[in-house]
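Structural overview
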Amino acid sequence: MMISVQLILLIILGLLSIWFGWRVFMTSSMVRSALSLLASMVAIGALFLVMEAEFLGVLQIMMMGTEMSIMAIFMMMYMMDPGGLGEMDMTHQKNLSIAAASIFSLIIAIVILAVGWGPLATEIPGPHEQNRLLGMEILKRSMMIFETAGITILTGMIAAITVALSIKNNRN
Amino acid sequence: MELLLTALIIAIILFGIGLYGALSQTNLVMIMMGVELMLGAAMINLVAFWRYLHPEAFSIKMFVLVAMTVMALEGAVGFAIATQRFRSSGSVEMEEAADLNG
């Protein structure tokens, strides 16, 4: 009974994330695009919650809520027609893109259906135990990866500020 | 098995939409949105593999955290490039970025 409820929730949230993901590229309004992407990312976070990865689900929703709000502001700043009133076409090589996306998706779908995945796990640790085990993983086996992620964030921050700085001296 | 397959098929479709967006859009910010969707699809795959195949392997969750870091950094560096591009040419349309050649 529980499994069927989980499957129904997976399908509903999956369809929501796909629908909003599709709407990102189907609307002329940049604000709607950003809000659609936000909704799609929240649906992905809810999918994580349904798959009992509570920490990651909450983290995804919080991070994406912030990121997409900032993205919406940038889009309004940089787009020539942020409200979409002019119905500008902002696409190119449309047929090629549709063909590439379809072919890649089809190949991956064939691989997924052809692979024998083995038995599914039915029992998983509770949220509290999951967080403890993830903490142990971060502080033991994956510590270097976690540290690398931290240094990468620092590097990204420095790179972003350096790139965005106005180069007044070289302008002339 | 249908739970795992459902999650993977959702991820495939999202990846396809993201790939379409990244290839077809002319605006830098919209291209970044396509990349975000593809990374989101990859994270669904990882969580599904963790939940339904290896719930004892917490390195998979660690990998999801790394993917989230990549998403945040892609946003930060991408917007920095957009800011600089907007400042120098007044537009973030990639069709007008032919001057970056050579």
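Residues numbered from 1 in each chain as written. Chains lettered and ligands numbered in written order. Predicted model: local features only at pLDDT ≥ 70, side-chain atom pairs only at ≥ 80, totals over all residues.

Regarding the overall build of chain A
Our working definition: Each helix is a run of DSSP H or I of at least 4 residues and each strand a run of E of at least 2, with the numbering of both proceeding from the N terminus. The exposure label follows from counting other C-beta atoms within 10 Å of a residue's C-beta, where the C-beta atoms are placed from the backbone and the thresholds are 20 or more for buried and 12 or fewer for exposed, leaving partly exposed in between. Any pair of residues counts as being in contact when their C-beta atoms, constructed from backbone geometry, are within 7 Å of one another.
A tally of helices and strands in chain A yields six helices and zero strands. Counted from the first residue to the last, chain A has its helices and strands arranged as α-α-α-α-α-α. Taking all 172 residues of chain A together, the buried fraction comes to 26%. Summarising the internal contacts of chain A: among those between residues at least 6 apart in sequence, 57% fall at separations of at least 24.

Quick look at the overall build of chain B
The number of helices and strands found in chain B is three helices and zero strands. By its C-alpha atoms, chain B is 50 × 25 × 20 Å across when sized along the principal axes. Taken over 102 residues, chain B has a buried fraction of 52%. Long-range pairs, those at least 24 residues apart, make up 51% of the contacts in chain B with a sequence separation of at least 6.

Quick word on the interface of chain B and chain A
Our working rule: Only Asp, Glu, Lys and Arg are considered charged, only Ala, Val, Leu, Ile, Met, Phe, Trp, Tyr, Cys and Pro nonpolar, and every remaining residue, Gly among them, polar.
Contacts between chain B and chain A engage 63 residues on the former and 68 residues on the latter. Listing elements by their share of the side of chain B that touches chain A, those giving two or more residues are α1 (2-24), α2 (28-52) and α3 (59-89) of chain B. If one sorts the elements of the side of chain B that touches chain A by residue count, α3(B) sits on top with 21 residues. Classifying every residue of the side of chain B that touches chain A gives 44 nonpolar, 13 polar and six charged.

Quick look at helix α2 (residues 30-50) of chain A
Residues and elements named next belong to chain A. Let me state the cut-off plainly: An expected span of 1.5 Å times one less than the residue number is assigned to each helix.
Taking 1.5 Å as the rise per residue, α2 with 21 residues should run 30 Å; its terminal C-alpha atoms sit 30 Å apart, in good agreement. Among the 21 residues that make up α2, 16 are buried, leaving the element largely enclosed by the rest of the structure. Once α2 ends, the next one or two residues include glutamate 52, with phi positive near 65°.

Things to note about the confidence of the model for chain B
Residue and element names in this part refer to chain B. Cut-off, in case you're wondering: pLDDT is a per-residue confidence score from the predictor, ranging from 0 to 100.
Averaged over all residues, the pLDDT of chain B is 89; the fraction at 70 or higher stands at 99%. Mean pLDDT across the secondary structure elements of chain B bottoms out at α3, with 88, and peaks at α1, with 94. Across the interface, the model reports ipTM at 0.91; the global pTM reads 0.90.

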